[in-house]
Each structure stands twice: as C-alpha cells, then as structure tokens.
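# A structural walkthrough
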Amino acid sequence: MKVQLPEGPTCFLSETDSLISQSIYNTGSWEWVQGAVLQRALRKTDVFLDIGAHLGYFSLLAAPLCKRVVAIEPQELMLDLLRQSIVANSFTNVECVAGVVGFGKWTPLFSMVGPNTGSSFVGDDGHWPVAEVEGLLLSEVLPDGADIIKTDIEGAEGRLFDSEPWLLARPRIIFFE
C-alpha cells in the first residue's frame, strides 16, 4: 500500500501497522508539527540522521531538502518499505542502515511489538516475538555527525547520548519523538 504525501514524496505503508501507517494513510502525515519544523530547518548542505526511522516518513520529508539522509531502523519490513519509497521517489541521497544504536556493538534481542510496530524495543519481555539485530556505533555509521537528528528509540535516547556524547557537538536541532 502506498500514498502520496501532501509534501510530495510517495510513501509505502505497512498493512499490518495499526498506528503510524494508518495515520499516514488517513491524514497524509505523522507528527505533522515535527515534520513542518524539520522541513523549515533543513538546508541544502545538511546531513539528517533519522534514528528509529520506521517507515522513513521524516527521511522522505528531508530527502529533497538536504544533502544526505541516514535512516537507521532495526525492523527489516520497515526498511524494505523505506527502500521501496526511496526508489519510487528516485532519491539518491538516502542511506538505509539496519540495526540499533545506544547499546554498543553487540547483537541485542529486539522485541517486535504488533500491531503497533512503532512501539518495538530492545529487550525481551516474554510477550512479543524477538529477533536478533546488529548493535551499531554511530561513530562508525556517521563519523562526522549530523546537522539535524530525529530520534525515536522508545526511551533509549539517554543511553544513546550517554554512550556517544560526541553526537551532541554538531546538530542545530535534535527531535525526540
């Protein structure tokens, strides 16, 4: 399933995601205030880092407005949908990276919460299916940092910035979703 966002890009959606995909399908947006601020703040020379990209809604908004987008997401289904959106929009400046950040370089278990796939998290509470995902260091993925960062990693943001404090040196804006 795909939709044309009011801002222009085509976005592929998950038919099993009951929250984010449904919101985008019904309203054409997700977190519209953050999206509007992001679009106004981006410059053509910027690097945008989308941590916990999910479907890549913010990555798709950013791609036509900046130099480079790096989208990090542990769920392969969501990354596949984002890759389809990238191809459909002919974006050449978006890089998709599979994995999680803020937990170091190891292979943590990732709980796949359904039907709201945006609520998935690192760990195993015994209730949801789990998958092993790659733990990443942002210093290796994006060694020069980013101008604008959006992070939605289900409460692990503190761990991320504690483990990689250098991330705070460059960005003009950090969005916590």
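The notes below deal with the structure included here.

Quick notes on the rules
Counting from 1, residues in each chain are numbered in the order their sequence is written. Thresholds applied to this predicted model are a pLDDT of at least 70 for local features of residues and 80 or more for the giving and counting of side-chain atom pairs; totals over whole chains, interfaces and linings are not thresholded and use all residues. Calculated side-chain values reflect all of the structure's heavy atoms, with hydrogen atoms and water omitted. In this text, helices come from DSSP runs of H or I with a minimum length of four residues, and strands from runs of E with a minimum of two, each type numbered from the N-terminal end. Think of it in three bands: residues with accessible area under 20% of the maximum for their type are buried, residues over 50% are exposed, and the middle band is partly exposed, with areas taken using a 1.4 Å probe on protein chains only. Only centres within 6.5 Å qualify two rings of Phe, Tyr or Trp (six-membered ring in Trp) as a pair; their planes then separate them into stacked at under 30 degrees, edge-to-face at over 60, and tilted for everything else.

This part takes up the environment of Gly135. As for its placement among the helices and strands, Gly135 is situated in strand 10 (residues 135-136). In this structure Gly135 comes out as buried when scored by relative accessible area, which is 3%. For the pair Gly135 and Ser14, spaced 121 residues apart in the sequence, the C-alpha separation amounts to 24 Å.

What follows is about the packing of aromatic side chains. Enumeration according to the criterion identifies two aromatic pairs in this entry. Centroid distance Tyr57 to Phe58: 5.2 Å. Interplanar angle 80 degrees. Geometry classified as edge-to-face. By relative accessible area, Tyr57 is classed as buried at 3%. A relative accessible area of 4% means that Phe58 is categorised as buried. With 5.9 Å between their ring centres and 65 degrees between their planes, Phe161 and Phe176 make a pair best called edge-to-face. Taken together, the residues span a long stretch of sequence, with Phe161 in helix 6 (residues 157-163) and Phe176 in strand 12 (residues 173-176) at a distance of 15 residues. Taking the relative accessible area as the measure of exposure, Phe176 reaches 47% and is therefore partly exposed.

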